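A look at the structure
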Amino acid sequence: MAMVAKEDDDIAATAQMCTHCFDVLLQKLHPSTTKESNADDGITSTSSQYTPPNVKYPLFVTWEKCQSPRPPPLLSKVSSSSGITTPASSSIITDDETSTHNNNDTNNTTNTTPAPIYELRGCIGTLAPRHLQHALSEFAITSALHDQRFDPISLHELPLLRVGVSLLVKYEECQDCLDWIVGVHGIIIKFSSSKGMRGMEQQYYSATFLPEVAKEQCWNQKETILSLIRKAGYRGNITNGLLSQIQCTRYQSSKCRIAYHEYIAESHCGKDPLSNNVELIAAVVAEEVGRKQRGVNHVKPCVNL
């Protein structure tokens, strides 16, 4: 029987969880790398044979795509000394991710190359506790292929991706909608508003921002709340009365991120299984040609949640 994690036994998101997500997506998009598959749910087994811990947590899986400066299309050569980012237990994130992220996860102080810029490519999760053994694989695929804001991730995009796993912890009820700390807490808001000709009906709203959204958008608490109210779908006037009736819950998260080249270094001994894939090379070229013809970026900038 799976254990429901409590605050005093919170676990951290780990690099192994991130490599597991890459394993599952790689094997879904490139079945020849898979030796076994599960015909029931369509989720392939991982080459690493990593088994997520048998506990229940709310979680989100986030995929980001490197935009500028862009790495080599196939990343055929990867330094075997590349390190895997270790998560900070105080790091916070939710289903909401900003459209652009600067890579602050590396500790290489001698590298003068500009940090890559990432844009959101897909993010889906749940605020309800789920068994990590099943949910991590499920949301790795769902966030990559079924986030309706984006086209499904393609195999040729894989070398440009970074994945993040967020485990949500320490849920607390707020005294008011400003009873939380930017950069520490994610928040969930719930409120209602009268609708109809006589105001007899109630329309209910709810939305959440993961912990790092406000910090990365440079919002203060009030700006965050105003944005979250709009995200919830409310289009009326935002009055002090509305703000005072908001029910707000704060939470924190443990998050870990790794990029594709780190995944290759950790799980494939630095040898990219896609480096000699002729079909992949052709797909990369076709994408670049199509992008120039359309004159638009394939990825839609978006603030998640």
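Summarised in this report is the structure supplied together with it. Source: prediction; values computed, not measured.

Each value, and the rule that gives it
- Residues numbered from 1 in each chain as written.
- Predicted model: local features only at pLDDT ≥ 70, side-chain atom pairs only at ≥ 80, totals over all residues.
- Heavy atoms only, no water.
- Salt bridge = Lys/Arg side-chain N within 4 Å of Asp/Glu carboxyl O.
- Helix = DSSP H or I, 4+ residues; strand = E, 2+ residues; numbered from the N terminus.
- Buried < 20%, exposed > 50% of the residue type's maximum accessible area, 1.4 Å probe, protein only.
- Core = buried A, V, L, I, M, F, W, Y, C linked by side-chain atoms within 4.5 Å.
- Axes fitted to C-alpha atoms, helices over the stretch in contact; angles between N-to-C directions.
- Parallel < 35°, antiparallel > 145°, perpendicular 65-115°, else oblique.
- Contact = heavy atoms within 4.5 Å.
- Phe/Tyr/Trp six-rings, centres within 6.5 Å; stacked < 30°, edge-to-face > 60°.
- Pairing = 2+ DSSP bridges.
- Left-handed = near helix turned anticlockwise from the far one by under 90°.
- Nonpolar A, V, L, I, M, F, W, Y, C, P; charged D, E, K, R; others polar.

A closer look at the pattern of salt bridges
- If you walk through the whole model with that rule in mind, you get eleven salt bridges.
- Of the charged contacts, one joins arginine 162 and glutamate 64 as a salt bridge, the two residues approaching to 2.9 Å between their closest N and O atoms. Placement of the pair is arginine 162 in strand β5 (residues 161-173) and glutamate 64 in strand β2 (residues 55-68), with a sequence separation of 98 residues.
- Given a relative accessible area of 1%, glutamate 64 falls into the buried group.
- Between glutamate 157 and arginine 121 there is a salt bridge, with the nearest N and O atoms lying 2.9 Å from each other. With glutamate 157 in the loop between α2 (132-145) and β5 and arginine 121 in strand β4 (residues 117-131), this residue pair connects regions lying 36 residues apart in the sequence.
- Under the relative-accessibility criterion, arginine 121 is labelled buried at 1%.
- Bridged by salt links that share partners, the residues Glu64, Arg162, Glu212, Glu216, Lys255 and Arg257 form one connected network.

Section: the nonpolar core
- Phe22, Leu25, Trp63 and Leu158 are the most contacted members of the largest nonpolar core, which totals 38 residues.
- At the level of secondary structure, the elements contributing two or more residues to this core comprise α1 (15-29), β2, α2, β5, β8 (247-259) and α6 (260-267).
- Membership of the second largest hydrophobic core comes to 29 residues, among which are Phe150, Ile188, Tyr234 and Leu242.

A look at the packing of α1 against α6
- Direction vectors running N to C along α1 and α6 enclose 95 degrees, while the axes themselves pass 10 Å from each other. On the basis of their axis angle, the class for α1 and α6 is roughly perpendicular. Mapping the contact onto sequence places Thr19, Phe22, Asp23 and Leu26 in α1 and Tyr260, Tyr263, Glu266 and Ser267 in α6.

Thoughts on the packing of aromatic side chains
- All chains considered together, the criterion is met by nine aromatic pairs.
- Between the aromatic rings of phenylalanine 22 and tryptophan 63, the centroid separation amounts to 5.2 Å while the plane-to-plane angle is 80 degrees, which identifies the pairing as edge-to-face. With phenylalanine 22 in helix α1 and tryptophan 63 in strand β2, this residue pair connects regions lying 41 residues apart in the sequence. The burial state of phenylalanine 22 is the same as that of tryptophan 63; both residues are buried.
- A centroid spacing of 5.6 Å and a plane angle of 45 degrees characterise the contact between phenylalanine 209 and tryptophan 219, whose relative ring orientation is tilted. Here phenylalanine 209 is found in strand β7 (residues 201-209), whereas its partner tryptophan 219 is found in the loop between α3 (211-217) and α4 (221-231), with ten residues between them in sequence.
- Through a chain of ring-to-ring contacts, the aromatic side chains of Phe22, Trp63, Tyr260 and Tyr263 assemble into a single cluster.

Observations concerning the environment of serine 253
- In this structure, serine 253 sits in strand β8.
- Accessibility expressed as a relative area gives 0% for serine 253, which makes it buried.
- Spatially, the C-alpha atom of serine 253 lies 8.2 Å from that of leucine 210, the residues being 43 residues apart in sequence.

Describing the pairing of β8
- Among the 13 residues that make up β8, twelve are buried, leaving the element largely enclosed by the rest of the structure.
- Sheet topology note: the β5/β8 ladder contains ten bridges and is antiparallel. Across the sheet, the residue bridging to glycine 164 is arginine 257, located in β8.
- Looking at chain direction, strand β6 (residues 186-195) and β8 are connected through five bridges and run antiparallel. Across the sheet, residue glycine 186 finds its bridge partner in β8, namely tyrosine 251.

Let's talk about the packing of α1 against α2
- Where α1 meets α2, the closest approach of the two axes is 9 Å, and the angle between their N-to-C directions is 55 degrees. Classed by the angle they form, the pair α1 and α2 counts as oblique. Considering only the axes of α1 and α2, their crossing is right-handed. Contacts between α1 and α2 involve Met17, His20, Cys21, Val24, Leu25, Lys28 and Leu29 from the first element and Leu132, Leu136, Ser137, Ala140, Ile141, Ala144 and Leu145 from the second.
- Considered class by class, the residues forming the contact of α1 with α2 number eleven nonpolar, two polar and one charged.

Functional significance is not addressed by these values, which are geometric in nature.
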